[in-house]
Amino acid sequence: MTIEELEQIAASVRAENAKFDHEINVCMGTGCLSQHSDKLKDELVKTVEASGKKAFVRRTGCMGLCAAGPLVLVDPEEILYQHVKASDAEAVAASLGGEPVAALQCDLREHFDQQVHVVLENSGKIDPEKIDDYIARDGYQALLTALTDMTPAGVIHQITASGLRGRGGGGYPTGLKWGTVAKATGDIKYVVCNGDEGDPGAFMDRSVLESDPQRVLEGMAIAAYAVGASKGYVYVRAEYPLAVARLTNCLREARRRGLLGNDICGTPFSFDVEVRLGAGAFVCGEETALIASIEGKRGTPKPRPPYPAVSGLWGKPTLINNVETFANIAPIIRKGGKWFASIGSERSKGTKVFALTGKITNTGLVEVPMGISLRKIIEGIGGGVPDGHTFKAVQTGGPSGGCLPAEMLDIGVSYDALLKVGAMMGSGGMIVMDDTSCMVNVARFFIEFCMTESCGKCIPCRAGTAQMHTLLTRICEGHGTMDDLDLLVELCATVKETSLCGLGQTAPNPVLSTLKYFKHEYIDHIVHKRCPAGVCNMETPVAAEFPGEVLA
Amino acid sequence: MQAFAPPPLPSDDKRWKIVNGTMRKNGFARHALIETLHTVQSSFGYLDDDSIRFVAKSLRVPLSQAYGVVTFYHHFSLKPPGKHTMTICTGTACYIKGTDKLVAAAEKRLGVPQGQTTKDGNISLMTARCVGACGRAPVVLTDGELQGQMTGDAMLAQLERWAVE
């Protein structure tokens, strides 16, 4: 495969598409599929054929606006239809070339216009199971350019210049990480893609893997070239069957096209990728735990250093990046690091995909430039809180993040700004809560999550989260005292300071942030024995005995 | 050194061949443990002592390590599932949209706590930590099929349909 051949494939796909007057894109991501968009697609194919119009029905990945699914986008007119049922297929087919179906039309300019799509540029526009569709949209150009025109150091230089930081949550500069792995000695190195999106309420990685898996693969291949690896692993959650299926198919297609395997594009560079399934452990998102899991062991973290960049998978230098990080690589190589650095804020470059969920009108996936204010995301793109309720808090960063109140809505979204106010970028979950949510209960929910997900290796996390859960339960049930609150704060500090890995170190964040911004709710629970949101049931009688001390 | 010969299949159940296939594909490497257990679970529905012993022996992994892995990961189950499985997502987005009420209603209807199967072996009630369909919260999986924006009534109706089957 050469650049010319790549362009030939792209040209033939474009020529094929040009034969049609219209393209009907049907979203077949997990959200829309659960509403039978597969049947809708079949029905559309049938009715379009019967109508005799020159239109092409395409299966695509996620279009983002899961709340309005199933979604259908008619190109080139760019008409978006929402809540389309199989029975509407006839109306859609009949409207082609004429007036759009008004009853189904979705007009959410505000939702889409403020977004900047880099990672999601192909989502909802290509068939995720066809590699040629990806190639027709400049796919694999970056890989071929890197292999033929750039040195590994040159690739790393571009990534460093782009200012890209790890999208898994930590925000470690990607270029620096690549440089470390490239410098590490050893003839065998690995590239690992972290798709263990355990953070509840986040689904960016699932969506990217379902909608545009080739992009992730291309990013991994470029990374492998840059650091000198020849083998890669994608670690995906078993809870994402569709993502796994599309990824497996995408690997097969890439091998068929000679973009994976030995001597890619006639260069000495060889690279192959295997999929590894997670088995339902949140802690496996931590890199050393993920490595243990790929090795077939219990997913328990190890102390760092040595960092995986030096000694990772089977003791070899290993580059681990998140799905979204890899998805950013191809555009950076294609358009240059400077272009990427021109998007975003001072120290957080580029865009970020957020999963906007909870009590918000337009739930779904959004991609925005870094530095945009939370208010713009929630009130503008998200459409605000529905049903006449009022906004109370937004939770970012999952179980490691924090809850921010309305006063904080004007801060710009970036790694540092969020960290400063006690939240965290995390992988990109953004859960909006309204006045029907009790913040103490929310804190308890997250601590319960961390308690059950703690791997049990280190004591502060294993026993600390259990004790915190006991205290929070007591407060929620109306038996808490002010002393409990002090103890809780003390425990938070201990767990934060002394835990081995990120899970424990960040587990107290939801408690600390709710205590910082919503302390009055804790006081209400403890002193006035009432739950302002009416969530906690204070009627429960005092348990005969409190759960005993959880022993280490 | 004598070449390693994998143990014979536990029975002539065809599903063992699928399990063996996964191990062979990975060259009977020790790191294929989780992959193989996934195959066992998807073929048999759960992992029993015999299957864990067989996999451990085939991959030359200590039994303790195999059992340790099985019990570490939530995805693996040591008990056979019911005829039907109702999985309720308890991720954050679903929680905010009141999934705890769904769990309570289902527990009350079935008379078993989450994670267990009704006595007649008909319905298993499970919870999941986020299935990634947060845009459709609250979601449940009925026999693995995702259903979004679930209400208590719709869920109970589904349980009812299964119960009278």
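Basis of the calculations
Residues numbered from 1 in each chain as written. Chains lettered and ligands numbered in written order. Predicted model: local features only at pLDDT ≥ 70, side-chain atom pairs only at ≥ 80, totals over all residues. Helix = DSSP H or I, 4+ residues; strand = E, 2+ residues; numbered from the N terminus. Rg over C-alpha atoms; globule rule 2.2 N^0.38 Å. Buried ≥ 20, exposed ≤ 12 C-beta atoms within 10 Å, placed from the backbone. Contact = placed C-beta atoms within 7 Å. Nonpolar A, V, L, I, M, F, W, Y, C, P; charged D, E, K, R; others polar. Domains from an automatic or database assignment. Axes fitted to C-alpha atoms, helices over the stretch in contact; angles between N-to-C directions. Parallel < 35°, antiparallel > 145°, perpendicular 65-115°, else oblique. Left-handed = near helix turned anticlockwise from the far one by under 90°.

**Description of the overall build of chain A**
If you tally the helices and strands in chain A, you get 23 helices and 13 strands. Taking 24 Å as the expected radius of gyration for a compact globule of 552 residues, we find that chain A reaches 24 Å, a close match to that expectation. Dimensions of chain A, computed from C-alpha atoms along their principal axes, come out at roughly 75 × 60 × 40 Å. Out of the 552 residues in chain A, the part that is buried amounts to 57%. Sequence separation of 24 or more characterises 74% of the internal contacts of chain A that already satisfy a separation of 6 or more.

**Re the interface of chain B and chain A**
With 32 residues of chain B at the contact, the number on the chain A side is 38 residues. At the level of elements, helix 2 (33–44), helix 4 (63–72), helix 5 (92–96) and strand 5 (145–147) of chain B are the ones that each hand at least two residues to the side of chain B that touches chain A. For the side of chain B that touches chain A, the class distribution of residues is 17 nonpolar, 11 polar and four charged.

**What about unusual backbone geometry?**
All names here are of chain A. In the segment running from Gly-69 into Pro-70, the intervening peptide bond is cis, with an omega of -10 degrees. Mapping Pro-70 onto the fold places it in the loop between strand 2 (55–60) and strand 3 (72–75). Residue Pro-305 follows Arg-304 across a cis peptide bond; omega there is -5 degrees. Turning to its location among the elements, Pro-305 is positioned in the loop between helix 13 (287–294) and strand 8 (318–322). Unusually for a residue other than glycine, His-36 sits at a positive phi of about 65 degrees. Classification of His-36 as partly exposed rests on a count of 14 C-beta atoms within 10 Å. Positioned with a positive phi, Tyr-140 is a non-glycine residue whose angle comes to about 65 degrees. Residue Tyr-140 is classed as buried on the basis of its 27 C-beta neighbours within 10 Å.

**Quick notes on the domain arrangement of chain B**
Each assigned domain of chain B is listed here: domain 1 (14–72) and domain 2 (84–164). Taking the mean C-alpha position of each, domain 1 of chain B and domain 2 of chain B sit 29 Å from one another.

**Some details on the domain arrangement of chain A**
Considered domain by domain, chain A is made up of domain 1 (3–108), domain 2 (138–341), domain 3 (351–434) and domain 4 (439–526). Here domain 1 of chain A and domain 4 of chain A have C-alpha centroids that lie 48 Å from each other.

**Section: the packing of helix 19 (residues 459–476) of chain A against helix 20 (residues 482–498) of chain A**
Packed helix pairs are characterised by how far apart their axes lie and by the angle those axes make with each other. Residue and element names in this part refer to chain A. Between helix 19 and helix 20, whose axes approach to 10 Å, the crossing angle comes to 160 degrees. Classified by the interaxial angle, the pair formed by helix 19 and helix 20 is roughly antiparallel. Note that helix 19 runs across helix 20; the crossing there is left-handed. Together, Pro-460, Cys-461, Gly-464, Thr-465, Gln-467, Met-468, Leu-471, Arg-474 and Ile-475 of helix 19 and Asp-484, Leu-487, Leu-488, Leu-491, Thr-494, Val-495 and Thr-498 of helix 20 make up the contact between the two elements.

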